[in-house]
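Summary of structural features
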Amino acid sequence: MANSKYEYVKSYEFEDEIMQPNLIVVRLDGRNFERFSEIHEFEKPNDVRALNLMNSCATAVVEEYPDIVFSYGFDDEYSFVFKKTSNFYQRRASKMLTLIVSFFSSVYATKWKEFFPQKELEYPPSFHARVISCATLEVLQVYLAWRQNACHSDNLCRTCFWMLIRSGKTIEEAKEALKDCQKEEKNELLFQRFGINYKKLPEMFRQGSCIFKTEVEVVVKYDEHGNPIKRLRRKPNIVHTQNIVAKKFWNEQLVLVKELGGFEDEIAKIKTEYVKSFLFENKLLPSTYIVIRIDGCHFHRFSDIHGFEKPNDAQALNLMNTCAVAVLKEFHDIVFAYGVSDEYSFVLRKNSQFNQRQASVYKTDNIFSSQIVSAIVSFFSTMYAMKWKEFFPQKNLKYPPSFDGRAVCYPSEEILQDYLAWRQVDCHINNQYNTCFWMLVKSGKTKAEAQQCLKGTQTQEKYELLSRQFGTDYSSLPVMFRQGSFVYRMKEVVVDHSNIIERSFWKEYSSILEEMPAHTSAANECTQTSVSAS
């Protein structure tokens, strides 16, 4: 990071490391997927294509992140289990959950046409995520049993509900008919009224899908005589087993036993409250400005592979800005955003009650609390994948982009403004360096030589280098490159590239950070909650 007087704002960041020997689970849940499935006309109660798309995304996640050794999913949720020795991103919860939800979301958008070739993706799918920190292998076993039990009960209920609807019942009549119905009664209803033996329905519907790695022999190369040389490699395997936490099933999977351990007992009874006690929560301080900052993951490589222009690609920056505009339109409590290169910071108003100011999310039964960071990162990632062709019509998206994110609270308007000034100062310093660096490289120097030329140089020296050697007046370069972009809401959502370091900007646009009346903020919260419920 560039050094400036605003660096002190980093002291407000907090670390959320999950300590050893806790086992780590990252769980994703579809955000407002009931509405999403209706708009895209998913078959009820289960759409095979939609479930296979979820499985394909989960497989891609398992392949992308070697530390994930097991995953289980059904409907619009998936849980990813990391090996017990994992040090993935120093076990920081915010990094882990945002990277997984971001990559999953991007894959969902990019793979959509493979599973729904006749349907356009009408609006961005997005997901919540949260971390479960399992103190022991037994806790993990109970957690997984709980999720598969939820699959069983939810699918049985949905199957009954939609069969009643198809038989002519209204939604209210179907709900009333199933009210207080026990499992046996639902099974009997399906068999007696509709001739359906529930146990004969597809296993994927009733039991969900689990993905784990098995060791298989693959040809890695050929020797000088043309003979194949084989090595053991781990490959994802999808199964739909009746009981994913049964000792026999689990302990037969050698990779699971090696990376997580073997189960010693069968699960007799699932205590939901016991599992909930291991949910990893990060509550955000009340009466503070929340900043959600997202950063591109390995975007140096991403930009190289996709041939971005150096030092700045206007199309890539405008794509980022378009995604930021979409985020402000989707999340009404975000009042301001600032972005440069592959990062964006989103500011929530100080009196926001957005999902009870919880950084982490969790949804089960009738309990729903929102994960601010993952929802924004997920939505942004999906938008990036969906909008790619608008900005790069001649380039295919070669692999899914991903972003990580974190939430930081700033107690005053002055400190918030200093945070945003820090990001714009960083933009100034980094862009000037990168402009000089790439001008030197394009002139024939190696990257190492260019770095050596710029080592220890100050701002004025870089100005002179550009002017003297390349005839470039740095101050005449596009303002978006030099100062970044900010997005705010007036009558419409606006993108600008002004100087936000000076306090004069905030005096002129004081309305941006003004607090909303309590009833207005609450109304927005109701809107967001209803849109987010699934």
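Here's what I pulled together on the structure shown here. (Residues numbered from 1 in each chain as written. Predicted model: local features only at pLDDT ≥ 70, side-chain atom pairs only at ≥ 80, totals over all residues. Heavy atoms only, no water.)

1. Some points on the side chain of Asn46
The line we're drawing: Strands are runs of DSSP state E lasting at least 2 residues, helices are runs of H or I lasting at least 4, and numbering of each runs from the N terminus. By the criterion applied in these results, polar contacts are pairs of N or O atoms within 3.5 Å in which, for protein atoms, one can donate a hydrogen and the other can accept it, and in which residues neighboring in sequence qualify only through two side-chain atoms. Working rule for contacts: check all heavy atoms of both residues, and any pair within 4.5 Å makes them a contact.
Positionally, Asn46 belongs in the loop between α1 (33-39) and α2 (48-64). A polar contact of 2.8 Å, which involves the side chain of Asn46, links it to the side chain of Asn155. At 3.2 Å, the side chain of Asn46 and the side chain of Arg158 are in polar contact. Apart from residues no more than four positions distant in its own chain, Asn46 is found in contact with Leu51, Asn155, Arg158 and Phe205.

2. Quick word on the layout of surface pockets
Which entries qualify depends on this criterion: The definitions used throughout rest on a 1 Å grid laid over the protein atoms alone, on which a cavity is an enclosed set of points accommodating a 1.4 Å probe that cannot get out and a pocket is an open set flanked by protein within 12 Å on both sides along at least five of seven lines; lining residues are those having an atom within 4 Å of a point. Grid points are joined across faces, edges and corners, and a volume is the space filled by probe spheres set on the points. Polar here means any residue other than Ala, Val, Leu, Ile, Met, Phe, Trp, Tyr, Cys and Pro, which are nonpolar, and Asp, Glu, Lys and Arg, which are charged; Gly is therefore polar.
Reported here for the second largest pocket is a volume of approximately 1100 Å³. Around the second largest pocket, the lining is made up of 40 residues, and of these Phe299, His300, Ser341, Asp342 and Asn434 lie nearest the centre. Mapped by element, the contributors of at least two residues to the lining of the second largest pocket are β8 (289-296), α11 (299-305), α12 (314-330), α14 (413-442), α15 (447-454) and α17 (479-483). Considering only residue class, the lining of the second largest pocket consists of 17 nonpolar, 10 polar and 13 charged.

3. Details of the pairing of strand β13 (residues 403-410)
Threshold: Relative accessibility under 20% of the residue-type maximum defines a buried residue, over 50% an exposed one, and the middle range a partly exposed one, all with a 1.4 Å probe and only protein chains included. DSSP-based pairing: two strands are paired if at least 2 bridges between them are found.
In terms of burial, β13 is a largely internal element, 8 of the 8 residues being buried. Of the two faces of β13, both are covered, the one formed by Phe403, Gly405, Ala407 and Cys409 as well as the one formed by Asp404, Arg406, Val408 and Tyr410. In terms of strand pairing, β8 meets β13 through 8 bridges, oriented antiparallel. Its bridge partner lying in β13, Asp295 is registered against Asp404.

4. Some thoughts on helix α3 (residues 93-115)
In an α-helix there are 3.6 residues to a turn, and that puts residues three or four apart on one side. Note the following rule: Residue count minus one, scaled by 1.5 Å, sets the expected span of a helix. Working definition for bend: take the seven residues up to and ending at a residue and the seven starting at it, fit an axis to each, and measure the angle between the axes.
Between the first and last C-alpha of α3 there are 32 Å, a value that for 23 residues agrees with the 33 Å anticipated at 1.5 Å per step. Along its length, α3 shows its largest kink, about 35°, at Ala109. Of all 23 residues in α3, 19 are buried, a share of seventy percent or more.

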